[in-house]
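Working through the structure, step by step
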Amino acid sequence: MPESSLQFSQSLKFGSSGRAIAQEIDDSLLENLFEHLTMERNANVQYFSMSLWFKERELRGFSSFFLRESREEMLHAQKFTDYLIARGYKINLKDLPSPVQEWDSIQDLISFAFKMESDLTTSVEQLYSISERSSDIRTNVFLDPIVESQIKSEDTFAYLLGKIKFAENQPSAVLIIDKELNEE
Ligand SMILES: [Fe+2]
């Protein structure tokens, strides 16, 4: 190898996965990105649990809606792992808490889902401000469409919560919403 290219490769940084790193991620940002990854994986399992809760109660429209949400969350988790790998980092998957499986009413369950989405948005916003502070423009650009999709998710669950409140647990109204969700 010519001396000039040897010097060139020696000046590059490599991550724990052995991939070249263009810019190292700030420690606190990295820690928060991994925490957020755990939250997305947790949402995946939590929505799956909700899908089962509805299936056990013959509400198959709600059940398939939550199964779709569960799959979406796995795709979100994958976006974060792809990003971290692209930046040269190795993925450490953490333990997940057991999912909540019991709710007293549909309204309680949907409120729980809405809270989970708003917590995810707060976590993304936190990532956004840390990456801004550490001048990690790459992470800001990566997070932009994620903030946008969080706003849509919050809107979806606020709408569903509004409809369920309006239905006041009347079976005929709940069945209409169930049918609507199945057709989505
Ligand atoms: Fe998500």
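Residues numbered from 1 in each chain as written. Predicted model: local features only at pLDDT ≥ 70, side-chain atom pairs only at ≥ 80, totals over all residues. Heavy atoms only, no water.

1. Quick notes on the pattern of salt bridges
Side chains that differ in sign of charge can pair as their charged atoms come close. Counting across every chain of the model gives five salt bridges. One salt bridge in this structure joins Asp136 and Arg87, with 3.0 Å as the shortest N-O distance. You can see Asp136 sitting in the loop between helix 4 (106-133) and helix 5 (137-167) and its partner Arg87 sitting in the loop between helix 3 (60-86) and helix 4, a full 49 residues away along the chain. Among the residues examined, Asp136 registers a relative accessible area of 1% and is labelled buried. Judged by its relative accessible area of 8%, Arg87 is buried. (Salt bridge = Lys/Arg side-chain N within 4 Å of Asp/Glu carboxyl O. Helix = DSSP H or I, 4+ residues; strand = E, 2+ residues; numbered from the N terminus. Buried < 20%, exposed > 50% of the residue type's maximum accessible area, 1.4 Å probe, protein only.)

2. Digging into the environment of Leu59
Checked against the element boundaries, Leu59 lands in the loop between helix 2 (27-55) and helix 3. With a relative accessible area of 10%, Leu59 lands in the buried category. Considering only alpha carbons, one finds Leu59 and Leu181, 122 residues apart in sequence, at a separation of 9.9 Å. Not counting residues within four places of it along the chain, the set of residues in contact with Leu59 comprises Phe54, Ile106, Val174, Leu175 and Asp178. (Contact = heavy atoms within 4.5 Å.)

3. Observations regarding the coordination of the iron ion
Summarising the metal site, the iron ion is bound by the protein donors Glu40 (OE), Glu73 (OE) and His76 (ND1), whose distances to it range over 2.1 to 2.2 Å. One chain supplies every donor to the iron ion, and in sequence these donors are spaced E-x32-E-x2-H. Of this pair, Glu40 sits in helix 2 while Glu73 sits in helix 3, and the two are 33 residues apart along the sequence. Of the two residues, Glu40 and Glu73, both sit in the buried class. (Donors = N, O, S within 2.8 Å, 3.2 Å for Na, K, Ca; no water.)

4. Examining the packing of aromatic side chains
For the structure shown, the criterion picks out 12 aromatic pairs. Ring centres of Phe54 and Phe66 lie 5.4 Å apart, and the angle between their planes is 15 degrees; on these two criteria the pair is classed as stacked. With Phe54 in helix 2 and Phe66 in helix 3, the pair connects residues that are 12 residues apart, well separated along the chain. Of the two residues, Phe54 and Phe66, neither departs from the other in class, the shared state being buried. With a centroid separation of 6.0 Å and an interplanar angle of 40 degrees, the aromatic rings of Phe66 and Phe157 are classed as tilted. You can see Phe66 sitting in helix 3 and its partner Phe157 sitting in helix 5, a full 91 residues away along the chain. Grouped by ring-pair contacts, the aromatic residues Tyr47, Trp53, Phe54, Phe62, Phe65, Phe66, Trp103, Phe112 and Phe157 constitute a single cluster. Cation over ring: Arg57 sits above Trp53, and NZ or CZ is 4.0 Å from the ring centre. (Phe/Tyr/Trp six-rings, centres within 6.5 Å; stacked < 30°, edge-to-face > 60°. Lys NZ or Arg CZ within 6 Å of the ring centre and 35° of its normal.)

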